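Listed below are the residues making up each chain.
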Amino acid sequence: MTARLVAERSEIAPGETVDLALVFEIRPGWHTYWRNPGDSGDPPRVEWTLPEGVEAGPLSWPRPEVIPVGPLANYGYSERVVHLIALSVPADWPIGEPVRIRADADWLVCEEHCIPESGRFDLTLPTGAGAGARPGPIDPAQAEFFAAARVGLPNGRIEGAALGVAGAGLGLVIPLDELSEEIDGAWFFAGEWGLIEHAAEQPWRLLDGHLRIDLLPGALSDQAAPDGLLVVADALGEVRSYEVAAVRGPLPEEVARDRPIGLPLAFAFALLGGLILNLMPCVFPILAMKALSLVNGLSGQGPEAARERVLHGVAYTTGVLLFFAGLAVLLLALRAGGAAVGWGFQLQYPPFVVFMAYVFFVIGLSLSGAVTLGARLMSLGGARTGSGTAGAFGTGALAALVAAPCTAPFMGAALGYAVTLSWPLALAIMLTLGFGLALPFLLLSLVPQLARLLPKPGAWMETLKQALAFPMFAAAAWLVWVLSVQTGSAGVALVLGGLVLLAFALWLRERTRGLPSVRRRWGLAGTSAALICALYLGVATDRLTAPTLSEGEVSASGLASEPYSPERLAAAIDARRPVFVNMTAAWCITCLVNERVALSASDVARSFTDAGVLYLKGDWTNRDPAITAYLADHGRNGVPLYVFYPADGDPQVLPQILTEDMVLRAIRTSAPGSSGRDG
């Protein structure tokens, strides 16, 4: 890169100010840094050597750009950046005597690696005899250059902004007094490192005369100065920037919704939510399989049987807790890295959905007797009745794997609060949730009186085992449907091809198992090749794009919905129209059950129509930072979430297990003109 120092005017006058420009011409692929460089880097610095009485102002900082660096981000400039500096000359400077200045500049320029550079710039500015007390003419060669440089400078300073805690993150609320309401994009550049995670997405929305930006807290979010640069773009593509000095404090009109539940209550909610999770439909197939294992393995009497029961329960609980610990660490690490993820995030990754479908398909084949897997593999998968501690551990891990995206009452508040805490406390709350899931089976294992309630083993168990294959096939079919929502028909084709290859691999393994060694090795090679191809097809779904969302949908009851967007919600609230927000996902069984049971009734559709309720539906099947931010605003970290906004009054968060009566009561008691009345 090259650097130079130039003056806007060819001559200066005593008592006046002239603009200088420190210009960096940057090679393609390289960049320099803003005043806060972001996650790495160093901004340019200048030391001046000036005559007595002559003063140089600070470097100006044009609006930067976000430069992604893996999971991190820098703030900086590419191609060309011009830093303006105001140079003032004292009024008693002798006319005709030139002003000689020197600037020693240091800067860092980076591509994949960084190079510290420096330069010394000498500039002599004449004060011609004919200049008098007026500045010299603007150098025509520099006029357009300086005018273009000023376009990138902040357009002003905004007062009255507030920065406060909002759910799991920070909320920056900026009054719209000095901004256009036709905002089409917004980004906040923190003025100091540590205030926010620079790489995190920044969902924004217009809300009651304010621009609201959701930010992920940085390592020093409670210590760094709450100021920075706001960059906004309008629908015509015009970009403007404003210096923002925010005041820490509660956010307008949203404080009540963000009130934390407290640590003791969070632990209680997590334990209770984990217990109730055992009743959720998503874990039924696994629990039925576990119950079969308990009947076969835990109904014995005597000290040896009691010891086996204890080992069984401890192994099952360990499997659940280890999976929850791994999932919690991954979730917290991704959030710390700036990713906007929440509970159930793994099912937003199509290859993981495919992997789950493969697992359920293979377990179903094994339970039905179509294939015979090795005893060790069967035990680890939990598909072998009466398996030992390895089987109990595998069943626990599988139950946690299946239950992770499910939501039970009390879970949402506990998880939403957990992600606002330090890692140890957040991990403790998530492990408490897992412990609640494992607790019923642990009690069955530890309390002999409970174990005696189990039925005696018998021939009926083989029939039940084979029958349990069909919930597994149903789970695999459901996951293929989830994938169709995420990736469209192309993804379905890939996963169906993968299932065929998987079935072929298992069949080939069965057919070649008892053959001579050479033919068995060929069979093993063919099996491995088919498995690798199946896995490749699963991974390939990650490259597919999500199908285009429709403008809305209409349920069988006639209840029409629109896709959720912060702008649509804000516009409806401004128009004093009641709004019902449904945050859902295709992989959320609880969400689907609620929609079928509570939101598809004809009375609900009629009630929405009569009250003029706008039904907004947010689909979190794939990642959506705007929905993640909305969930965080309400102290949640997963779906479902149901919020009703009456035309007047505060919004009402409905329970996660929804009934038709709950929805009707909310509409009838809160909608304009029908408060407290039925019908």
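Definitions and cut-offs
Residues numbered from 1 in each chain as written. Predicted model: local features only at pLDDT ≥ 70, side-chain atom pairs only at ≥ 80, totals over all residues. Heavy atoms only, no water. pLDDT = per-residue confidence, 0-100. Helix = DSSP H or I, 4+ residues; strand = E, 2+ residues; numbered from the N terminus. Contact = heavy atoms within 4.5 Å. Pairing = 2+ DSSP bridges. Axes fitted to C-alpha atoms, helices over the stretch in contact; angles between N-to-C directions. Buried < 20%, exposed > 50% of the residue type's maximum accessible area, 1.4 Å probe, protein only. Salt bridge = Lys/Arg side-chain N within 4 Å of Asp/Glu carboxyl O.

Chemist: What is the right way to read the confidence of the model for the protein from this model?
Modeler: Close reading of the predicted structure is inappropriate where its pLDDT is low. When pLDDT is averaged along the protein, the result is 80, and 81% of the positions lie at 70 or above. Between the elements of the protein, mean pLDDT differs from a low of 49, seen in helix α6 (residues 375-381), to a high of 94, seen in strand β4 (residues 45-49). Below a pLDDT of 50 lies the segment residues 254-259, which in the model reaches 13 contacts outside its immediate sequence neighbourhood of four places, other chains included. Below pLDDT 50 for its whole length, residues 674-679 participates in 10 contacts with residues either more than four positions away or in separate chains.

Chemist: Please clarify how the sheet that holds strand β6 (residues 65-69) should be interpreted in this entry.
Modeler: The strands that make up a sheet are held in pairs by hydrogen bonds between backbone atoms, and each pair lies either parallel or antiparallel. The three strands are arranged β3-β7-β6 in an open sheet whose pairing can be described as antiparallel. The open sheet has two edge strands, β3 (32-38) and β6, and neither has a second partner. With strand direction ignored, the average angle separating the axes of adjacent strands in the sheet is 45 degrees. The pairing of β3 with strand β7 (residues 72-77) spans three bridges and is antiparallel. Across the sheet, residue Gly38 finds its bridge partner in β7, namely Asn74.

Chemist: Help me understand the pairing of strand β22 (residues 579-584) in this model?
Modeler: A regular strand places its side chains so that they alternate between the two faces of the sheet. In terms of burial, β22 is largely enclosed, as six of its six residues are buried. Both faces of β22 are covered, namely the face carrying Val579, Val581 and Met583 and the face carrying Phe580, Asn582 and Thr584. The sheet contact formed by β22 and strand β24 (residues 641-645) spans five bridges and is antiparallel. Its bridge partner being in β24, Val581 is matched across the sheet by Val643.

Chemist: Where do I start with the pattern of salt bridges in this structure?
Modeler: Between side chains of opposite charge, a pair can form when the charged atoms approach closely. According to the stated counting rule, one finds 14 salt bridges in the structure shown. Put simply, Arg240 and Glu238 hold a salt bridge, and the shortest N to O gap is 3.6 Å. What you see here is one network of salt bridges that share partners, running through Arg4, Glu25 and Arg80.

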